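Here is what each chain is made of, one letter per residue.
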Amino acid sequence: MITFEFEKLDSFISPSLKEKYFNRKEEVFASFQRSDMTGWVKGIDSSLISKIKEKAKEVKEYSDCLVVIGIGGSFLASKALNAALSSYFEKDAFPIIYAGTTLSSAYMQGLLSYLDKIDFSVNVISKSGNTLETMVTYQLIKEKMQEKYSLEEMKKRIIITTDAKEGKLYQEVEKEGYFSFPFPTNIGGRYSVMTAAHLFPLAFSWDIDLLNQGYQEGKKYQEQAYTYAVLRRSLFDCGKYVENYSVYEPKLFYFTEWLKQLFAESEGKKQQGILPISTIYTRDLHSLGQFIQEGNKILFETFFQIQNSSFLNYQGNNLHQMNCTISDSVASAHRQGGVPVHTITLDSICEKTMGEVMYFFMMSAAFSAYLFEVDPFHQEGVEIYKQEIKKSVHIQ
Ligand code: PA5
């Protein structure tokens, strides 16, 4: 369950401004419904969930580790959920290495040497099937596999998630006969949490049925998602150009990375949009905290609190309660410094609640983009850098 405490904003913006954006609801919903990129609203078929679980169970039996290769929307949701759901120190999740997010040769060299020593399988994820970082990493790891495994064995160990009709990865599936999951045409990377792109690696450790259940239940927050979008849009009109997502639970760090991509790629177009940044508090109160309190007033914040966490007693106090109280005190201090603060509370960090909160934010990001009059589901800006790279770096 999620609860929302949105900042009342009366001292920051005029009620008529909010009204103006609340009044655009019908138009925003209509644009949303007209889009052909909202396949994520329906969710995933139960038959595909069963297939994903079955394949994950099989691969787990003969692998010590899964190497997941992908970037952007083909990486962040599963990384965020794996990090959020894992214990801090206990090894309670199946070992996964996320690769494909850097072209650092030192990183790659280290990874390839490490892979020499373990039995691993690979899940390559790319909707387009052409992304440079993903393809370079895949080809290098495939060469390593050719040294270690027979062709037959490689067929068991390579799983490709890509478009079902085109792209280099699709051609690879056709040529080599590797096992593949489809990346749906009507779902963009950053909206793809409830697809095989993320559910397959997650199924190695977590209950993806519960995640799906939470995701479906997230639909009940549609009104709150619109309200949050309206508040962001109104704050932007008052010069609040930056939103700081802040967590008091460090394992939610990659969740904020997911949020940053979701909002930046959905609304950062036509010189519009709010720049999403993130902090881990209280750590960053000792770095960015000074700027947030007394610096340029371009910011507002969204805090995440967790209702139920582990109980640890410190000098007669519940440490978790202390962490929550500190979050309230920081919100109060920042408000005094002219920074509006919303607080979103998750009942706990579990599959179900994470499914709910991710659906909530995907809705909000889409509504928010429409309020900025940009298309949430395309990212021509990202494509420009990909095209530019192709002019100077040639890979097969
Ligand atoms: O959200 C998006 O659509 C992008 O961030 C893509 O996920 C990212 O560029 C990777 O693209 P692909 O999955 O085609 O490799």
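Calculation rules
Residues numbered from 1 in each chain as written. Predicted model: local features only at pLDDT ≥ 70, side-chain atom pairs only at ≥ 80, totals over all residues. Heavy atoms only, no water. Core = buried A, V, L, I, M, F, W, Y, C linked by side-chain atoms within 4.5 Å. Buried < 20%, exposed > 50% of the residue type's maximum accessible area, 1.4 Å probe, protein only. Helix = DSSP H or I, 4+ residues; strand = E, 2+ residues; numbered from the N terminus. Domains from an automatic or database assignment. Contact = heavy atoms within 4.5 Å. Buried area = accessible area lost by both parts, 1.4 Å probe. Salt bridge = Lys/Arg side-chain N within 4 Å of Asp/Glu carboxyl O. Polar contact = N/O pair within 3.5 Å; in protein donor to acceptor, adjacent residues only side chain to side chain. Expected span 1.5 Å × (residues − 1). Arc of directions from axis to C-beta.

Enquirer: Honestly, the nonpolar core in this entry has me stumped. Any pointers?
Expert: Burial of nonpolar side chains together is a common tendency in soluble globular proteins. Within the largest apolar cluster, 90 residues are counted, with the highest numbers of intra-cluster contacts made by Phe255, Trp258 and Phe361. The element best represented in this core is helix α16 (residues 351–371), accounting for 14 residues. The residues that make up this core include at least three from each of domain 1 (2–34 + 213–371) and domain 2 (39–206). Apart from the residues within four sequence positions on either side, Phe361 is in contact with Tyr228, Tyr245, Phe255, Trp258, Leu259, Leu262, Phe263, Phe304 and Ile344.

Enquirer: Just checking my understanding: could you explain the domain arrangement of the protein for this structure?
Expert: Frequently, the measure chosen for interface size is the accessible area that the parts lose on association. If you check the domain split of the protein, you get domain 1 (2–34 + 213–371) and domain 2 (39–206). Here the C-alpha centre of domain 2 lies 30 Å away from the C-alpha centre of domain 1. The partner domain 2 presents 23 residues to the 27 residues of domain 1 that form the contact. Interface area for domain 1 against domain 2, summed over the two sides, is near 2,100 Å², with a carbon-plus-sulfur share of 67%. Looking only at domain 1, the three residues that lose the most surface to domain 2 are Tyr215, Lys251 and Tyr254, adding up to 30% of its buried area. Our enumeration of links across domain 1 and domain 2 arrives at 1 salt bridge. Between Glu265 and Arg190 there is a salt bridge, and its shortest N-O distance comes to 3.0 Å. Applying the counting criterion to the domain 1 and domain 2 interface returns 10 residue pairs in polar contact (both at pLDDT 80 or more).

Enquirer: I would appreciate a short explanation of helix α4 (residues 46–61) in the present structure.
Expert: Turn by turn, an α-helix covers 3.6 residues, leaving residues three or four places apart pointing in a common direction. Taking 1.5 Å per residue, 16 residues should reach 22 Å; α4 reaches 23 Å between its end C-alpha atoms and fits that length. Buried within α4 we find Ile49, Ile52, Lys55, Ala56 and Val59. Seen from one end, α4 has its buried residues packed into an arc of 130°, which puts them on one side. Residues Ser46, Ser47, Glu54, Lys57 and Glu61 are exposed on α4 and point more than 90 degrees away from its buried face. Looking at the buried positions of α4, the neighbouring elements they touch are β4 (120–126), α8 (151–157), β5 (158–162), β6 (179–182), α10 (196–203) and α11 (208–217).

Enquirer: How should the pattern of salt bridges be read in this particular structure?
Expert: Side-chain pairs of opposite charge can arise whenever the charged atoms involved come near each other. Scanning the entire structure with this criterion turns up 27 salt bridges. Between Lys142 and Glu172 there is a salt bridge, and its shortest N-O distance comes to 2.7 Å. With Lys142 in helix α7 (residues 132–148) and Glu172 in helix α9 (residues 168–176), this pair connects stretches of sequence that are 30 residues apart. A relative accessible area of 11% means that Lys142 is categorised as buried. Between Arg157 and Glu153 there is a salt bridge; the shortest N-O distance is 3.0 Å. Of the two residues, Arg157 and Glu153 both sit in helix α8, 4 residues apart, roughly one turn of that helix. Under the relative-accessibility criterion, Arg157 is labelled buried at 2%. Through salt bridges that share partners, Asp119, Glu153, Lys156 and Arg157 make up one connected network.

Enquirer: What am I meant to see in the environment of Asn308 here?
Expert: Note that Asn308 resides in the loop between β9 (299–306) and β10 (313–314). Sequence separation between Asn308 and Thr345 is 37 residues; the distance between their C-alpha atoms is 10.0 Å. Leaving out residues up to four positions away in the same chain, Asn308 has contacts with His320, Asp347 and Ser348.

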